[in-house]
Amino acid sequence: MTDKEIFEILKEKFGEAIIEFVEAQAGENYIKINPLEIDKVCAFLFSDTNLHFDSLVNLSGVDDANGEKKTEEDGSFEYIGGTLSVFYHLESTDKRHKITLGTTVEKDQPDVVSVTDVWAHANWHEREAFDLLGINFLNHPDLRRILMPYDWDAGHPLRKDYKDPEYYQGMKVPY
Amino acid sequence: MALNTEEMTLNMGPQHPSTHGVLRLELRLDGEFIVDVKSHIGYLHRCFEKHAEAMTYPQVVPYTDRMDYLASMYNEFGYALTVEKLLGLEIPERVEFIRVIMGELQRIASHLVALGTYGADIGAVTPFLFCFRDREKILSLFEMTSGARLLYNYIWVGGVARDLPPDFLRLTKEFVEYFKPKIKELNDLLSFNKIFIDRTANIGILPKDVAVNYGITGPMLRASGMKWDLRKDDTYSVYNKFDFDIPVGDGRMGTVGDSWDRYYVRILEMEQSLRIIEQAVEQIPDGDVSSAIPRRIKPPVGQVYGRVENPRGELGYFIVSDGSVNPKRIKVRGPSFVNLAIFGELCKGHMIADVIAILGSIDIVLGEVDR
Amino acid sequence: MIFDFFAKLTGSEILASIISALLPLFLFILPFALIAVLLERKVSAHMQDRLGPMRVGYHGLLQTIADILKLIQKEDIVADSNDKTLFNIAPLLVFAGSYAAFAAIPFTSSYIGSNINLGLFFIIGISGIVVIGILMAGWASNNKYTLLGAMRCVAQMISFEIPTLMVVVTILMVTGTLNLNELTEIQSGFFWNWMIFGGAVPGIAKILLIPFMIIAFGVIYISTLAEVNRTPFDIPEAESELVSGYHTEYSGMKFAMFYLAEYANMFAVSAIVVILFFGGYQSPVGYLGNSIGLHWLIPIEQLFWFTFKGVGFVLLQMWLRWTLPRLRVDQLMAVCWKYLIPIAFVNLLIVGLITLI
């Protein structure tokens with residue numbers, strides 16, 4: 001099944017929650033979905049016998065770097081507003097089709113519903129997206145930092161406007 | 001009289017000899033039995049993804065080496081393939097063949113480390129050194145090709161760094177002939193050793209459906225009885241030109257998907273890799289290896305997910321391009337990272353010694369788990 | 001006898017017994033431990049396609065001496081939360097326990113540290129001190145790994161004493177003595193008088209004994225292997241699980257004491273196996289000293305044969321160590337309780353019946 005056909009099926013079933021079919025200039029197209037409905041869409045994709053996306057291949061968070069850029073005198077900058085995205089690459093190991101889902105949230109309130117209940121695989125990937133980008137996954141069973149220290153309080157390093165703290169636990173950070 | 005007993009928390013790592021790097025396991029024990037395992041990672045986090053955002057596309061290649069440092073060739077292979085997919089590049093056939101030969105040699109080298117260290121975890125030290133002896137031969141082949149023994153920076157976007165040295169194909173053939181009996185030696189010494197089987201069979205059983213749900217890939221998934229190999233199921237490069245089988249675990253010594261199956265699938269995979277190398281060495285065409293290397297890489301706006309079958313499983317690169325010379329985001333789906341996530345589930349109800357046996361059979365490389 | 005010689009020399013029996021008891025330590029155990037450590041490294045290296053130590057002396061011959069020098073210089077670390085008294089006593093106990101066993105072992109017909117009638121019993125009893133020492137070390141270190149290692153070690157050593165004892169009783173029934181010197185003398189003559197070949201028992205019983213003696217030898221060799229914590233039974237110090245078991249927290253000379261005790265133990269159990277089954281210090285083919293009439297040569301030959309056989313079994317232990325993986329703790333107990341003890345017991349019964357013939 002092509003991704004266009006899957007988009008039609010989803011659009012029919014979920015209506016408003018399926019925002020649009022994004023055709024990229026290069027690489028892959030993806031289906032944009034409402035971040036607060038993504039778990040229902042994924043549960044449907046997983047359980048429907050014709051689609052049967054039994055495998056979440058990858059889950060990645062992205063900083064879209066699209067807010068209003070405010071540059072300080074020392075060259076550091078900050079984005080006011082802007083969005084974060086999460087991309088889901090799904091695959092069906094028996095039906096042999098693939099699809100990419102995407103969802104976009106405001107940086108001010110980065111709430112996405114977790115899909116850990118559908119694919120256990122999402123657990124660590126969502127923790128990673130939370131750790132590095134600060135995307136807040138609702139209903140996640142164990143949302144802690146994973147790669148950074150548990151007590152890292154200087155923000156989320158993979159955001160484009162991340163700045164290193166001066167000190168961490170009394171140790172100087174920039175070297 | 002009721003004895004007052006309590007659970008014990010044991011911290012294994014991050015400097016423990018058997019955690020294969022800096023992994024910290026928090027074991028909750030009831031005597032010698034495992035109640036719960038929590039893995040804490042991140043001790044080797046080097047911000048690969050953040051670094052990559054400041055690099056141009058070709059500059060990222062040496063960084064990918066340093067993720068899974070036991071399978072550097074394959075990391076470059078996957079990265080190059082993904083960027084080429086984004087750019088829509090056509091690659092000369094000789095380059096594809098060289099990449100496949102390198103990739104399969106790397107697979108053997110990586111599996112040798114996995115098998116050897118697994119033997120050492122179980123207590124047999126000698127197979128470890130035998131494996132390293134053979135791995136050295138592969139590293140020497142890499143050294144004469146790329147000049148490095150561990151981190152090669154050899155496979156570039158659009159080609160490879162330099163052509164094969166004149167003797168390479170002959171020496172590779174010699175290596176294949178040399179290595180075939182060594183697999184039997186390893187089988188005699190370790191695989192079919194009664195104690196080894198007792199320690200690994202029926203330990204850490206991973207059923208197929210659970211494996212798929214956890215996103216497990218590579219030898220670990222195949223040991224659970226699932227015939228799934230990206231080289232065949234989502235074929236890339238020139239793998240469709242070769243004749244090889246996908247070994248799966250058959251529960252010969254216990255249950256399908258136990259630690260022994262995960263171990264033995266790797267042995268069988270080495271044999272298949274030898275077959276691929278033999279065919280590739282025979283069929284390799286002549287040609288220019290650097291003709292397709294782009295002078296300046298500036299892909300259009302878009303995103304792409306490319307994946308290869310790394311020795312440990314599916315290595316995926318998710319690249320988002322904003323149309324500049326720097327990637328906007330590179331996300332690596334490392335097989336070690338994903339395969340480690342299920343570790344706690346596998347350990348429940350087993351003993352301390354089994355934790356080591358299960359961890360070794362997963363074959364993680366912390367450089368990739370933490371990136 | 002050496003004891004008489006010293007008694008005459010010093011004129012005091014107490015002094016003489018102290019000297020003769022100390023002799024094996026300085027003449028034998030310490031040099032043996034030095035050589036065995038080097039041997040282990042060299043043997044394992046050559047088995048594994050490498051060279052081992054090569055830098056200190058010719059082919060690394062002086063490596064162990066360099067190691068000892070290093071260990072002597074090392075800081076003796078005692079952590080704050082250790083139980084200091086027990087922590088300090090433990091290595092002494094372990095070392096003393098394994099060294100005391102040598103007091104009753106006859107190296108030659110003319111030298112035995114202490115020729116007691118209950119020699120075999122004494123050795124098995126005194127090795128209990130080692131168990132206490134190990135438990136102390138594991139507990140006093142106040143470390144979870146050492147505690148787990150010590151618990152495993154004690155469980156293992158105590159369990160495996162049972163099959164060992166059963167085999168000892170088997171031998172006792174055939175020979176009727178626990179005195180190791182007498183036991184060896186019974187096996188004098190040529191190698192077919194060794195216990196493994198039925199001993200000096202006359203008639204048909206000798207032929208009947210042979211298969212059961214071989215079984216008994218197998219049982220005692222496996223269980224002594226477990227008692228000295230060698231692979232495949234090196235669970236107490238399983239370096240891939242418990243770092244290095246009960247002596248994780250020790251450094252410097254205290255660590256060296258555990259180390260020396262381990263190698264002394266290796267030889268002690270090999271010596272017991274040799275005495276029980278392979279004729280102790282007896283030559284398999286008769287003595288050169290007897291045939292050419294130089295009777296002072298005989299003890300030297302006997303020492304040679306004893307060391308030769310003992311080191312042979314030590315080498316076998318090393319060979320096993322570098323070939324086999326390690327069992328799990330429950331599998332180890334299964335080996336003992338499910339296989340070795342029933343086999344040893346049935347063997348004991350059958351040998352008992354045979355001796356009635």
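Fair warning: this is a prediction, and the values are worked out from it, not measured in the lab.

(A) Summary view of the overall build of chain A. Per the secondary structure count, chain A includes 3 helices and 12 strands. With the principal axes as the frame, chain A shows a C-alpha extent of 55 × 30 × 25 Å. In chain A, buried positions account for 55% of the 175 residues. Counted over contacts in chain A with a minimum sequence separation of 6, partners at least 24 positions apart contribute 53%. Surface exposure of chain A reaches about 8,100 Å², of which carbon and sulfur atoms provide 47%. Taking the average location of the 18 positive side-chain charges in chain A and that of its 34 negative ones, the two points are 2 Å from each other.

(B) A look at the confidence of the model for chain A. Across chain A, pLDDT averages 83, with 99% of residues at or above 70. Per-element averaging of pLDDT across chain A places strand β2 (residues 26-27) of chain A at the bottom with 72 and helix α3 (residues 122-133) of chain A at the top with 88.

(C) Local environment of the nonpolar core. A:Tyr88, A:Leu101, B:Tyr79 and B:Phe343 are the most contacted members of the largest nonpolar core, which totals 164 residues. In terms of residue count, helix α4 (residues 93-122) of chain B provides more of this core than any other element does, 13 residues in total. Setting aside chain neighbours within four positions, we find A:Leu101 in contact with A:Ile31, A:Ile33, A:Ile38, A:Cys42, A:Leu45, A:Val86, A:Phe87, A:Tyr88 and A:Leu90.

(D) How the structure looks around the interface of chain C and chain B. With 24 residues of chain C at the contact, the number on the chain B side is 34 residues. Together, the buried faces of chain C and chain B total about 2,500 Å²; carbon and sulfur atoms form 60% of this surface. Residue B:Asp354 pairs with C:Arg328 through a salt bridge whose shortest N-O separation is 2.9 Å. In this structure, the connection of chain C to chain B is made through 9 residue pairs in polar contact (both at pLDDT 80 or more). Listing elements by their share of the side of chain C that touches chain B, those giving two or more residues are α6 (144-175), α9 (239-242) and α13 (329-355) of chain C. When the residues that make up the side of chain C that touches chain B are grouped by side-chain class, the tally is 11 nonpolar, 4 polar and 9 charged.

(E) Expanded view of the environment of C:Leu294. Residues and elements named next belong to chain C. Mapped onto the elements, leucine 294 comes out in the loop between α11 (288-292) and α12 (297-321). Given the relative accessible area of 34%, leucine 294 is considered partly exposed. Considering only alpha carbons, one finds leucine 294 and valine 351, 57 residues apart in sequence, at a separation of 40 Å.

(F) Fine view of the pattern of salt bridges. The full count for this structure, using the stated rule, is 50 salt bridges over all chains. With its nearest N and O atoms 2.6 Å apart, the salt bridge here joins A:Arg145 to A:Asp131. With A:Arg145 in the loop between β10 (136-138) and β11 (167-168) and A:Asp131 in helix α3, the pair connects residues that are 14 residues apart, well separated along the chain. Of the two residues, A:Arg145 and A:Asp131, both sit in the buried class. The shortest N-O distance in the salt bridge between C:Lys254 and C:Asp76 comes to 3.1 Å. A residue pair is termed long-range when its members are at least 10 positions apart, and C:Lys254 in helix α10 (residues 252-277) and C:Asp76 in the loop between α3 (63-73) and α4 (84-100) qualify at 178 residues. Through salt bridges that share partners, B:Glu104, B:Arg107, B:Arg222, B:Asp229, B:Arg231, B:Glu269 and B:Glu309 make up one connected network.

(G) A look at the sheet that holds strand β1 (residues 18-22) of chain A. Residue and element names in this part refer to chain A. Reading across the sheet, the 5 strands line up as β1-β3-β8-β7-β4 and stay open at both edges, with mixed pairing between neighbours. Two strands bound the open sheet, and with one partner strand each, they are β1 and β4 (55-63). Taken over all neighbouring pairs, the strand axes of this sheet differ in orientation by 25° on average, direction set aside. Looking at chain direction, β4 and strand β7 (residues 83-91) are connected through 8 bridges and run antiparallel. Pairing of aspartate 63 across the sheet is with leucine 84, part of β7. Of the strands in this sheet, β1, β3 (30-33) and β8 (98-106) are in contact with helix α1 (residues 3-14), which crosses β1 at around 165°. Against the sheet, α3 makes contact with β4 and β7, and its axis sits at roughly 5° relative to β4, the strand it touches most.

(H) Highlighting the interface of chain B and chain A. Every contact between the two is made by 39 residues of chain B and, on the other side, 42 residues of chain A. Of the roughly 3,500 Å² buried at the junction of chain B and chain A (both faces included), carbon and sulfur atoms supply 55%. Linking chain B to chain A there are 6 salt bridges. Among the ionic pairs, A:Glu91 bridges to B:Arg307, the shortest N-O distance being 2.6 Å. Ranked by residue count, the leading element in the side of chain B that touches chain A is strand β6 (residues 302-310) of chain B, at 5 residues. Looking at the side of chain B that touches chain A, its residues break down into 17 nonpolar, 8 polar and 14 charged.

About the thresholds
Residues numbered from 1 in each chain as written. Chains lettered and ligands numbered in written order. Predicted model: local features only at pLDDT ≥ 70, side-chain atom pairs only at ≥ 80, totals over all residues. Heavy atoms only, no water. Helix = DSSP H or I, 4+ residues; strand = E, 2+ residues; numbered from the N terminus. Buried < 20%, exposed > 50% of the residue type's maximum accessible area, 1.4 Å probe, protein only. Contact = heavy atoms within 4.5 Å. Areas by Shrake-Rupley, 256 points an atom, 1.4 Å probe, with all protein chains shown as cover. Lys, Arg positive; Asp, Glu negative; His and termini not counted. Charge placed at Lys NZ, Arg CZ, Asp CG, Glu CD. pLDDT = per-residue confidence, 0-100. Core = buried A, V, L, I, M, F, W, Y, C linked by side-chain atoms within 4.5 Å. Buried area = accessible area lost by both parts, 1.4 Å probe. Salt bridge = Lys/Arg side-chain N within 4 Å of Asp/Glu carboxyl O. Polar contact = N/O pair within 3.5 Å; in protein donor to acceptor, adjacent residues only side chain to side chain. Nonpolar A, V, L, I, M, F, W, Y, C, P; charged D, E, K, R; others polar. Pairing = 2+ DSSP bridges. Axes fitted to C-alpha atoms, helices over the stretch in contact; angles between N-to-C directions.

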